[in-house]
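An overview of the molecular structure
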Amino acid sequence: MKTFRIGGVHPAENKLSADKSIETLALPMQAVFPLSQHIGAPATAIVKKGDIVKVGTKIAEAGGFVSAPIFSSVSGKVNKVDTAVDASGYRKPAIYIDVEGDEWEESIDRTDTLVKECDLAPEMIIEKIKDAGVVGMGGACFPTHVKLTPPPGCKAECVIINGVECEPYLTADYRLMMEKADQVMVGVTILMKAAKVDKGYIGIENNKPEAIKILTQKASEYQGIEVVPLKTKYPQGGEKQLIDAILSRQVPAPPAIPINVGAVVQNVGTAYAVYEAIQKNKPLFERIVTVTGKSLSNPSNFLTRMGVPMSQLIDAAGGQPEDTGKVIGGGPMMGKSLMNTEIPITKGSSGILLMNNKEAKRLQPQPCIRCAKCVSACCMGLEPYLLATLSANEDWERVEKEGVSSCIECGSCQFTCPSHRYLLDYIRLGKTTVGGIIRARSTKK
Amino acid sequence: MANKLIVSLSPHVHGGDSVKKNMYRVLIALIPALLVSLLAFGVGAAIVTITSVAACLFFEWSISKFILKRNECTICDGSAVITGVLLAFNLPSNLPIWIIIIGALVAIGIGKMTFGGLGNNPFNPALVGRVFLLISFPVQMTSWPKVGQLTSYIDAQTGATPLAIMKEAIKTGDSSVLSKLPDSFSLFIGIPNDVTLGAGSLGEISAAALIIGLIYMLVSKVITWHIPVSILATVFVMSGLMHIANPIYASPITVLCTGGLMLGAIFMATDYVTSPMTHKGMIIYGVAIGFLTVVIRAFGAYPEGMSFAILIMNAFTPLINTYCKPKRFGEVIKK
């Protein structure tokens, strides 16, 4: 069975909510929309206090090419354009909307009928994806239209759909594949058309045999789509790892990107969002979020509007347990721990994980015993122990030479370290500093 | 909000591995060899092992408390126990207690704590202790009791070891000397059918017991195969070629099953702290240890070369680490 070739670990899967069907969450009293929900320039607000909006009304315009517009997920009145703390922990500009009723823009097709045919030309598809504010739904939130527009001299050969969901606990993508297989398939064909390729792969890890079965069945009805079962290994959902696993091609070190080896990688959630945007005229304002945790009474998967405070999802999943020590936006390997639970759901919120006090505490670091387990675990072929030590010593020149820019921050090194060292903390410090040095160098030239 | 939330960077989960777990797994892997040495040397083996472990623990504790003035106690992490057991495994079973204590002081004091304790020592502490004793007390360190004297300690009768016989064959150029050696199977299992021979140091008598330990460590992922296999393969090939070229050199199986070769290849060379960090580096390190061991055994002054070979390659480890880098992702673009 296929998998990526360098490093990797296998954390306990803990997919507590795997058998829970997607439930639709109730509307909030107020929805909050941070203007920076994607990689790239923040969007600019185009509504002001007192404006009346509907579900699907554009409330913020893209701030550049690498950016995406934002749509209201509720109907009601704009309360204020202010700031809000988001998952990054920073206070950023945001639009607050008081909810009144549930009135949708008329252009949106709200029926469940599957629309298979799509007659749009590739450029039109990309334009429509851009106008619908679709970004990568796996968590990185890279604007989808940018990925579909190859830089000069590059040509896509295939579209790879990421159905790996290698983060422990998360099941949002799994439920989507189980319940919306047809829509995902149509989404994939649209993405293939937009990228002007006739080959699409859907990578799914073999810990999800049901999803592999269903999608393989569906794939026979669509031209050029192949489901590739993969051996379960973290971080297979990493873009570069997934390309290596499926095509046996390795994307060279930065600044190279996947298109340099002919691949366009999109998440299954993105494929679904593309289906809705193109076939249903529905911009991106809803997503599926897994709410999970060992102490939580009812781990669930919710279809929720964006802008809903996370506390509402946690309440719907049984309420925040007494012993909650940490709340994580995303999965346990790469997710961000949150300051509070009032943070709104955004385009990149794949899950909310509640850890109890015991799980939440970091272990005391001990001296490095040079066991080399981090070197074996590193999926980018780096030496984490060395990068961490060099970063701690602020030897930035060597940190750069040892390849810190290639680090994808998957956390496998720290996960494996028997001395419980905070390897990734130091490596991040090194990566950020070296990134700044590289940028300063290129502007000088 | 009643409770404050912990905010820290990812990853938020850990695989559950720990220094302690790895160290105790190594100790478990040493149990078969320890049992064989107790069966072979009885009370002598017990006294040497207990003294060595107790002395190593005492020196680790006292140096870290009174000299380094550290608050946390490191003797529970298991590394000092391993040093103690490995030092004992490298000693003859009739060694007086005071010499063992000096060995433990050198192993822990000079070999480990002087560099800052676990993780910082460039040389394998147990081998530092052993080689120090070998040079300081050459007579006591090279008189090897015969097996089966279960109740004797200092008074045990000694005899020539298989390694000494092999050395004699090379020196005299007379291959018939080698006929005094036990057959390969007895050497492998570790019960010499000829009790007139001295058996060697505590831990090295049974290749089979050491290999059981190796398999356990490989299965529990304490170590990878790279170092032991590259050492054993190099020794096998080199001594095989020498044996074919000239029968005064013992057969490769005999070479593999005698002396500290298995013990060194499986437990000493694989020490995390003093071995290279990449698989490629580990193989270079292992091949070099195998090569040096055979060279020292055949052409050096001492009958055994394993300890020296490992210490020499420990010294090269930083250089190997600089030279051998893992293959980075993206270096191979297409298959």
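Parameters and conventions
- Residues numbered from 1 in each chain as written.
- Chains lettered and ligands numbered in written order.
- Predicted model: local features only at pLDDT ≥ 70, side-chain atom pairs only at ≥ 80, totals over all residues.
- Helix = DSSP H or I, 4+ residues; strand = E, 2+ residues; numbered from the N terminus.
- Rg over C-alpha atoms; globule rule 2.2 N^0.38 Å.
- Buried ≥ 20, exposed ≤ 12 C-beta atoms within 10 Å, placed from the backbone.
- Contact = placed C-beta atoms within 7 Å.
- Domains from an automatic or database assignment.
- Nonpolar A, V, L, I, M, F, W, Y, C, P; charged D, E, K, R; others polar.
- Pairing = 2+ DSSP bridges.
- Axes fitted to C-alpha atoms, helices over the stretch in contact; angles between N-to-C directions.
- Core = buried A, V, L, I, M, F, W, Y, C linked by C-beta atoms within 7 Å.
- Parallel < 35°, antiparallel > 145°, perpendicular 65-115°, else oblique.

This part takes up the overall build of chain B. Each helix and strand in chain B was counted, giving 13 helices and two strands. Here chain B has a C-alpha radius of gyration of 21 Å; the compact-globule value for 335 residues is 20 Å, and the two agree. C-alpha extents for chain B along the principal axes are approximately 85 × 55 × 30 Å. Buried residues in chain B amount to 53% of all 335 residues. Considering only contacts in chain B between residues 6 or more positions apart, those separated by 24 or more positions represent 74%.

This part covers the domain arrangement of chain B. Residues and elements named next belong to chain B. Here chain B is partitioned into domain 1 (22-141) and domain 2 (160-322). Relative to domain 2, the C-alpha centre of domain 1 lies at a distance of 21 Å. Looking at which element gives the most residues to the side of domain 1 that touches domain 2, the answer is helix H1 (residues 19-41), with twelve residues. Along the lines of polarity and charge, the residues of the side of domain 1 that touches domain 2 split into 21 nonpolar, eight polar and two charged.

Bringing the sheet that holds strand S3 (residues 44-45) of chain A into the picture now. All names here are of chain A. Spatially, S3-S5-S6 is the arrangement adopted by the three strands of the open sheet, whose pairing is antiparallel. Of all the strands in the sheet, the pair left with one neighbour each is S3 and strand S6 (70-71). As paired strands, S3 and strand S5 (residues 58-61) are joined by two bridges and run antiparallel to one another. Looking at the pairing, threonine 44 lines up with glutamate 61 of S5.

Next up on the list: the environment of Lys445(A). In this fold, Lys445(A) is placed in the segment after helix H14 (423-444). Sequence separation of Lys445(A) and Glu106(A) is 339 residues, and the distance between their C-alpha atoms is 52 Å.

This brings us to the domain arrangement of chain A. When the parts come together, some accessible area is lost, and that loss is often what is quoted as the size of the interface. All names here are of chain A. The domain boundaries assigned to chain A delineate domain 1 (27-108 + 283-359), domain 2 (122-279) and domain 3 (373-444). Placing a centre on the C-alpha atoms of domain 2 and another on those of domain 3 gives a separation of 28 Å. Each side of the interface is counted separately: domain 2 has seven residues, and domain 3 has seven residues. Grouping the constituent residues of the side of domain 2 that touches domain 3 by class yields four nonpolar, two polar and one charged.

With that out of the way, let us pick up the sheet that holds strand S14 (residues 300-305) of chain A. Residue and element names in this part refer to chain A. Taken together, the six strands give an open sheet; going across it, the order is S1-S14-S13-S17-S15-S16, and neighbouring strands pair in mixed fashion. Pairing within the sheet leaves two strands with one partner each, and these edge strands are strand S1 (22-24) and strand S16 (336-337). Sheet analysis places strand S13 (residues 286-292) next to strand S17 (residues 351-356), joined by three bridges and oriented parallel. Residue pairing across strands places threonine 292 opposite leucine 353, the latter belonging to S17. This element, helix H3 (residues 172-179), spans S1, S13, S14 and S17 of the sheet and lies at about 125° to S13.

Looking now at the nonpolar core. Grouped together as the largest cluster of nonpolar side chains are 241 residues, with contacts concentrated most on Ile160(A), Val188(A), Val274(A) and Leu313(A). Here the element with the most residues in this core is H1(B); it accounts for ten residues. Among residues more than four places away in sequence, those in contact with Ile160(A) are Tyr201(A), Gly203(A), Leu242(A), Ile243(A), Ile246(A), Ala263(A) and Val265(A).

A word on helix H3 (residues 79-89) of chain B. The element H3(B) is extensively covered by neighbouring structure, given that eleven of its eleven residues are classed as buried. Looking at the buried side of H3(B), the elements it contacts are H1, helix H2 (43-67), helix H4 (97-110), helix H5 (125-136) and helix H11 (261-268) of chain B.

So, about the pairing of strand S8 (residues 91-99) of chain A. Residues and elements named next belong to chain A. Relative to S8, strand S2 (residues 30-34) is paired through five bridges, and the arrangement is antiparallel. Looking at the pairing, valine 32 lines up with tyrosine 96 of S8. The sheet contact formed by strand S7 (residues 76-85) and S8 spans nine bridges and is antiparallel. Following the sheet pairing, aspartate 82 is matched in S8 by alanine 94. What sits between the antiparallel neighbours S7 and S8 is a turn of five residues, in which glycine 89 has the positive phi angle 95°.

Residue and element names in this part refer to chain A. Counting buried positions along strand S10 (residues 200-205) yields six of six residues, so the element is predominantly enclosed. In S10, alternate side chains face the same way, and those of Gly200, Ile202 and Ile204 on one face and Tyr201, Gly203 and Glu205 on the other are all buried. As judged from the four bridges shared by strand S9 (residues 158-162) and S10, these two strands associate in the parallel manner. Note that in S10 the partner of asparagine 162 across the bridge is glycine 203. The pairing of S10 with strand S11 (residues 225-230) spans six bridges and is classified as parallel. Counterpart to isoleucine 204 in the pairing with S11 is proline 229.

Next up on the list: unusual backbone geometry. Across the junction of Tyr234(A) and Pro235(A), the peptide omega takes the value 0°, indicating a cis bond. Note that Pro235(A) resides in the loop between S11 and helix H6 (239-247). A positive phi angle, close to 55°, is found at His420(A), a residue other than glycine. Within the secondary structure, His420(A) sits in the loop between helix H13 (412-416) and H14. Positive phi values are uncommon outside glycine, yet Lys221(B) reaches one of about 60°. By secondary structure assignment, the location of Lys221(B) is in the loop between helix H8 (207-219) and helix H9 (226-245).

On to the packing of helix H1 (residues 122-131) of chain A against helix H7 (residues 268-279) of chain A, then. To describe two helices that pack against each other, one gives the angle between their axes and the distance between the axes. All names here are of chain A. Packing of H1 against H7 leaves a shortest axis separation of 9 Å and a crossing angle of 105°. Relative to H7, the element H1 is oriented roughly perpendicular. Along its contact with H1, which presents Ile125, Lys128 and Ile129, the element H7 presents Val274, Ala277 and Ile278.

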